Amino acid sequence: MSRRNDFKSIDLKRYFGKKIEIKFLDGRQIVGTLTGFDKVFNIVLEEASEYSQDPSNFFQVTDKLVYLGLVVCKSSSICVIFPSEGTEEIANPFEKK
C-alpha cells in the first residue's frame, strides 16, 4: 500500500478569495487575500501586508503592518497557514512567567 494515498492535504480551495495569514520559518508573518496556489503549496496573496518584527526579538511580531501588495510565498519557507477570520490568539500555557 502506498503511503502517498494516506496523505490528506490541506484544502486551500475553501479559503480562495479570503484573508489568510502565513507564518514563515524565519519568524516573519504576513496577511493577505489568497488568490492562487499550486500542487506543492506555493501561495499567491494579493493586498498582502507583513507584520513588523520586534527589533529585540525577531520571532516576535508587532501590530504594525507594512503593505507589500502582490506576494508569492515559497512553500519550503512556510511554517503555518491559517484563516484570518474566526481565530484568536491565546496565551502560551508553556511560557514561564
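Residues numbered from 1 in each chain as written. Predicted model: local features only at pLDDT ≥ 70, side-chain atom pairs only at ≥ 80, totals over all residues. Heavy atoms only, no water.

1. Here we look at the layout of surface pockets
Within this model, the largest pocket holds a volume of roughly 540 Å³. Together, 17 residues line the largest pocket, and Lys-23, Gln-29, Val-61, Phe-82 and Glu-89 are the ones closest to its centre. Contributions of two or more residues to the lining of the largest pocket are made by β1 (19–24), β4 (57–73) and β5 (78–83). For the lining of the largest pocket, the element with the highest residue contribution is β4, accounting for 5 residues. Here the lining of the largest pocket is composed, by residue class, of 6 nonpolar, 6 polar and 5 charged. (1 Å grid on protein atoms, 1.4 Å probe; cavity = no way out; pocket = protein on both sides within 12 Å on 5 of 7 lines; lining within 4 Å. Points joined across faces, edges and corners; volume = space filled by probe spheres on them. Helix = DSSP H or I, 4+ residues; strand = E, 2+ residues; numbered from the N terminus. Nonpolar A, V, L, I, M, F, W, Y, C, P; charged D, E, K, R; others polar.)

2. Describing the environment of Thr-33
Along the chain, Thr-33 falls in strand β2 (residues 29–37). Linking Thr-33 and Ser-49, residues 16 residues apart in sequence, is a C-alpha distance of 9.9 Å. Once residues lying within four places of it in the same chain are set aside, the contact partners of Thr-33 are Gly-17, Lys-18, Lys-19, Val-44, Leu-45 and Glu-46. (Contact = heavy atoms within 4.5 Å.)

3. Let's talk about the nonpolar core
Within the largest apolar cluster, 13 residues are counted, with the highest numbers of intra-cluster contacts made by Ile-20, Ile-22, Ile-30, Leu-34, Ile-43, Leu-45 and Cys-73. The set of elements that each furnish at least two residues to this core consists of β1, β2, β3 (43–54) and β4. Excluding anything up to four places from it in sequence, Ile-22 contacts Arg-28, Gln-29, Ile-30, Ile-43, Leu-45, Cys-73, Ile-78, Val-80 and Ile-81. (Core = buried A, V, L, I, M, F, W, Y, C linked by side-chain atoms within 4.5 Å. Buried < 20%, exposed > 50% of the residue type's maximum accessible area, 1.4 Å probe, protein only.)

4. Here we look at the packing of aromatic side chains
How two aromatic rings sit relative to each other is given by the distance of their centres and the angle of their planes. One pass over the structure, following the stated rule, counts 0 aromatic pairs. Lying across the ring of Phe-24, Arg-28 places its NZ or CZ 4.9 Å from the centre. (Phe/Tyr/Trp six-rings, centres within 6.5 Å; stacked < 30°, edge-to-face > 60°. Lys NZ or Arg CZ within 6 Å of the ring centre and 35° of its normal.)

5. Points about the environment of Ile-22
Structurally, Ile-22 is set in strand β1. Overall, Ile-22 belongs to the buried group, its relative accessible area being 0%. Measuring from C-alpha to C-alpha, the distance between Ile-22 and Phe-82 comes to 6.6 Å, with 60 residues separating the pair along the chain.

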